[in-house]
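One-letter residues, chain by chain:
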Amino acid sequence: MKRRDFLATSAAAAAGSSIVACRPPETAAAPPVTSGQWGSGDYSHVPGLAGPAHGTVWGRTGVTACSDYYASLAGTQTMMQGGNAIDAMVAACATLNVSDPYMSGIGGFGGYMLIYLADENRVVGLDALGKSPAASSPETMTLDDFAMGYKAPIVPGAFKGWAAALERYGTMSLGDLFEPAIQLAEDGFVISKFDERYTASSADKLSRYPSTTRVFFPNGRPPRMGEVIRQPELAASMRHLARVGPDDLYRGELADRIVAFLAEHGGHLTKADLESYEVEWREPIRTTFQGYDLHAMPPGSCGMSMFQALNIMDGFDLANMDLYGSEFVHLWLEAFKLALADDDRYNTGKEDADIPVDTIISREYADEQRAKIDPMRVASFSGAPLPFFGTTSLSTVDRWGNAVAFTQSLVNAYGSGVIAGDTGIFLNNGHMFGFVLEEGHVNHLEGGKRAKGVMTPCIMMRDGDLFAAVGAQGGYTIPQTVGQVITKLAVADMDMQLAIASPRMCVNRGGGRTPIPEDSVTYLEAGFPSEVYGELADRGHYLAEPGNLGGVQAVHRDAETGALSGGSDPRRDGHAIAW
């Protein structure tokens, strides 16, 4: 990557924030050279990395990278006690349920998990996306029902995914792995500034449901930074599941309590919906990029779409491009528009869908798509909108070289907004992202169908060895941000934290909908050369003040030494922890 002068006019840049001006400043100057926090001085020019933007962490026993530091601590402590990366993932997921409740949890609509098994030198995939209730249909639901409330939840798939991975590849008991989360729920977690802002932004939704406000508005209002939230009912539900087994959420007492609560308020989810649900072990899809082998989940993940865009980019001379220059940015955005147009056309979680995956991720198709890109002008695309969702991602790697990249979601912040009675469990609003009401669309709402999810975890291999496990949150920015981190690792040889924290760009759309039609906008974080803003505008990009630019969590293994490292996105509230 060429050495450039970058913007240094924004305090947000110095703090690693994603909030920057949408126009180039009147003046630009190189920021001061920082200390060796980022390794070699070659990257001292990259802004937004000083102060709160922490460095890559290194260890030998294990690394956990989560969007919440309580969860990273629980995962790494698990590996310090002899657990493997799968055990650490479950401990981290349970803790996220407590301290990051707006993004994921036992009632989450599901997620996609990739596991690298060191002994077998292979990657396995787990599809834990939930299914729509049998009673869900365009005749029984509105878009308001999708967004929040008692009709919004679909069958929660995430927890069954945790349990399935633990049963097949873990080494510890659910009770042991749940204990840190149970203690945190009983003793309480401290509200951070990020928690305060996120909860306040969801206050209108949460305030509608007494079962929710009783727990999360203990003083009759959203909690402020420094206050403590205790969740004894959630702790009791976790202890119950640890004692009687995970199947209880789908066939036992907890299932009965959740279904009865929803039925009392007009919800659709039934015991039969829960009893019939199963996760699916699936063969990952594969491609190569810049000499690395990449593994991702098949549809309804956006792995297919990310691979298409990376294949398009792989045909350009990336080694001689400035990753912060207007040429690279323009080509990247145009490649992803092409890929996301196909995503909107084909991608679904429905089992009976006919999706031409092999064609979409082929080199021949990438050549065809690449030829459509005008290097000096944006292309026009059309496509139907899909809704937005919020998510969490985590990555773990252990001393034996096993690794997990798992992305899961409640969908919108706090999901449906509803805690299921006295269970303490937030329920998802999986209809909101997984389906649409538009007749003829590939994700048209039908009862009993597996939802679509845009989550895009990825395992990177080099010369037959594990290199990295990468995942992100952030709606339709996910395949773009994961792809950018992969590119920075593969092309610019950045360390993990630098690849994550350094400035990003994305194409996005109001409300987080599929960013392909004419009202799409371009997000450029602080740190790109001032001239890039004007050069992109000249090419026809509509630059807007950046909003959601995702949150990446990733881990790395040095194949020669066995050393482990991890990075966590400073745009979120987490920190990777290594030992």
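Note that the structure is a prediction, hence the values are computed from the model and not measured. (Residues numbered from 1 in each chain as written. Predicted model: local features only at pLDDT ≥ 70, side-chain atom pairs only at ≥ 80, totals over all residues. Heavy atoms only, no water.)

Caption draft 1: View of the packing of helix 2 (residues 69-80) against helix 3 (residues 85-99). Between helix 2 and helix 3, the shortest axis-to-axis distance is 8 Å and the interhelical angle comes to 155 degrees. The angle between the axes of helix 2 and helix 3 places the two elements in the roughly antiparallel class. Note that helix 2 runs across helix 3; the crossing there is right-handed. Contacts between helix 2 and helix 3 involve Tyr 70, Ala 71, Ala 74, Gly 75, Thr 78 and Met 79 from the first element and Ala 85, Asp 87, Ala 88, Ala 91, Ala 92, Thr 95, Leu 96 and Ser 99 from the second. (Axes fitted to C-alpha atoms, helices over the stretch in contact; angles between N-to-C directions. Helix = DSSP H or I, 4+ residues; strand = E, 2+ residues; numbered from the N terminus. Parallel < 35°, antiparallel > 145°, perpendicular 65-115°, else oblique. Left-handed = near helix turned anticlockwise from the far one by under 90°. Contact = heavy atoms within 4.5 Å.)

Caption draft 2: Expanded view of the sheet that holds strand 17 (residues 551-557). Overall, antiparallel pairing links the seven strands, which are arranged 1-18-17-13-12-9-8 in an open sheet. A single partner strand is all that each edge strand has here, and the edge strands are strand 1 (57-59) and strand 8 (285-289). Taken pair by pair, the neighbouring strands of this sheet meet at an average axis angle of 20 degrees, ignoring direction. Strand direction decides the pairing type here: strand 17 and strand 18 (residues 564-568), joined by five bridges, are antiparallel. (Pairing = 2+ DSSP bridges.)

Caption draft 3: The arrangement of helix 19 (residues 478-491) in detail. Here helix 19 spans 20 Å end to end across 14 residues, near enough to the 20 Å set by a 1.5 Å rise per residue. Most of helix 19 is tucked away, with 13 of its 14 residues classed as buried. Positive phi shows up at Asp 493, right after helix 19, with a value of about 55 degrees. (Expected span 1.5 Å × (residues − 1). Buried < 20%, exposed > 50% of the residue type's maximum accessible area, 1.4 Å probe, protein only.)

Caption draft 4: How the structure looks around the pairing of strand 11 (residues 403-411). Most of strand 11 is tucked away, with nine of its nine residues classed as buried. Neither face of strand 11 is open: one carries Ala 403, Ala 405, Thr 407, Ser 409 and Val 411, the other Val 404, Phe 406, Gln 408 and Leu 410, and all of them are buried.

Caption draft 5: A look at the packing of helix 5 (residues 158-169) against helix 6 (residues 174-187). Orientation of helix 5 relative to helix 6, taken along the N-to-C sense of each, is 135 degrees, at an axis distance of 11 Å. Classed by the angle they form, the pair helix 5 and helix 6 counts as oblique. Each of Phe 159, Trp 162 and Leu 166 in helix 5 lies in contact with helix 6, whose residues at this interface are Leu 174, Leu 177 and Phe 178. Looking at the contact of helix 5 with helix 6 residue by residue, the classes come out as six nonpolar, no polar and no charged. (Nonpolar A, V, L, I, M, F, W, Y, C, P; charged D, E, K, R; others polar.)

Caption draft 6: Summary view of the side chain of Arg 370. For Arg 370, the position within the fold is in helix 17 (residues 363-371). Separated by 3.0 Å, the side chain of Arg 370 and the backbone oxygen of Asn 311 make a polar contact. A distance of 2.8 Å separates the side chain of Arg 370 from the side chain of Asp 367, its partner in a polar contact. When near neighbours in sequence (up to four residues on either side) are disregarded, Arg 370 contacts Asn 311, Ile 312, Gly 315 and Phe 316. (Polar contact = N/O pair within 3.5 Å; in protein donor to acceptor, adjacent residues only side chain to side chain.)

Caption draft 7: Looking closely at the packing of aromatic side chains. Inspection of the entire model under this criterion finds 19 aromatic pairs. Ring centres of Tyr 414 and Phe 426 lie 5.1 Å apart, and the angle between their planes is 50 degrees; on these two criteria the pair is classed as tilted. Here Tyr 414 is found in the loop between strand 11 and helix 18 (431-434), whereas its partner Phe 426 is found in the loop between strand 11 and helix 18, with twelve residues between them in sequence. Judged by relative accessible area, which is 1%, Tyr 414 ranks as buried. Three or more aromatic residues joined by ring pairs make a cluster, and in this case those are Tyr 102, Phe 194, Tyr 198, Phe 216, Tyr 414 and Phe 426. Sitting over the face of the ring of Tyr 250, Lys 160 holds its NZ or CZ atom 4.5 Å from the ring centroid. (Phe/Tyr/Trp six-rings, centres within 6.5 Å; stacked < 30°, edge-to-face > 60°. Lys NZ or Arg CZ within 6 Å of the ring centre and 35° of its normal.)

Caption draft 8: Structural view of the environment of Lys 151. On the secondary structure map, Lys 151 appears in the loop between helix 4 (143-147) and helix 5. As for Lys 151 and Ser 416, which are separated by 265 residues in sequence, their C-alpha atoms are 8.5 Å apart.

Caption draft 9: Expanded view of the pattern of salt bridges. Taken as a whole, this structure holds 30 salt bridges when the rule is applied. Glu 120 is the partner of Arg 122 in a salt bridge, and the nearest nitrogen-oxygen pair spans 2.4 Å. Here Glu 120 falls in the partly exposed class, since its relative accessible area comes to 44%. A salt bridge links Glu 334 to Lys 337; the shortest N-O distance between them is 3.0 Å. Placement of both Glu 334 and Lys 337 in helix 15 (residues 326-346) is noted, with a separation of three residues, approximately one turn of the helix. For the pair Glu 334 and Lys 337, one class covers both residues: buried. Residues joined by salt bridges that share partners form a network here, namely Asp 127, Lys 131, Glu 280, Arg 282, Glu 351 and Arg 450. (Salt bridge = Lys/Arg side-chain N within 4 Å of Asp/Glu carboxyl O.)

Caption draft 10: Main features of the nonpolar core. By size, the foremost hydrophobic cluster in this structure holds 97 residues, and its most contacted members are Leu 294, Ile 459 and Leu 524. No other element matches helix 15, which puts ten residues into this core. Ignoring sequence-local partners within four residues, the contact set of Leu 294 consists of Ile 285, Arg 286, Thr 287, Phe 289, Phe 307, Leu 310, Cys 458, Ile 459, Met 460 and Ile 486. Counting residues in each nonpolar core, the second largest holds 76 residues, with Leu 177, Ile 191, Leu 234 and Leu 269 among its members. (Core = buried A, V, L, I, M, F, W, Y, C linked by side-chain atoms within 4.5 Å.)

Caption draft 11: Structural detail: the sheet that holds strand 14 (residues 505-508). Across the sheet, which stays open at both edges, the three strands sit in the order 14-15-16 with mixed pairing between neighbours. Only two strands of the sheet have a single neighbouring strand rather than two, namely strand 14 and strand 16 (543-544). As defined by bridge partners, strand 14 adjoins strand 15 (residues 521-524) across four bridges and the pair is classed as antiparallel. Note that in strand 15 the partner of Val 507 across the bridge is Thr 522.

Caption draft 12: The environment of Glu 253, seen in detail. Mapped onto the elements of the fold, Glu 253 is located in helix 12 (residues 253-264). The partly exposed category is assigned to Glu 253, whose relative accessible area is 41%. Linking Glu 253 and Leu 241, residues twelve residues apart in sequence, is a C-alpha distance of 9.8 Å. Excluding residues within four positions of it along the chain, Glu 253 makes contact with His 240 and Asp 248.

Caption draft 13: Looking closely at the pairing of strand 13 (residues 465-473). For strand 13, the tally of buried residues reaches eight of nine residues, placing the bulk of the element in the interior. Summarising the sheet, strand 12 (residues 458-462) and strand 13 pair through five bridges and their orientation is antiparallel. Looking at strand 13, one finds that Met 460 is bridged to Ala 468. As defined by bridge partners, strand 13 adjoins strand 17 across six bridges and the pair is classed as antiparallel. Within strand 17, the position partnered with Gly 471 by the bridge is Gln 553.

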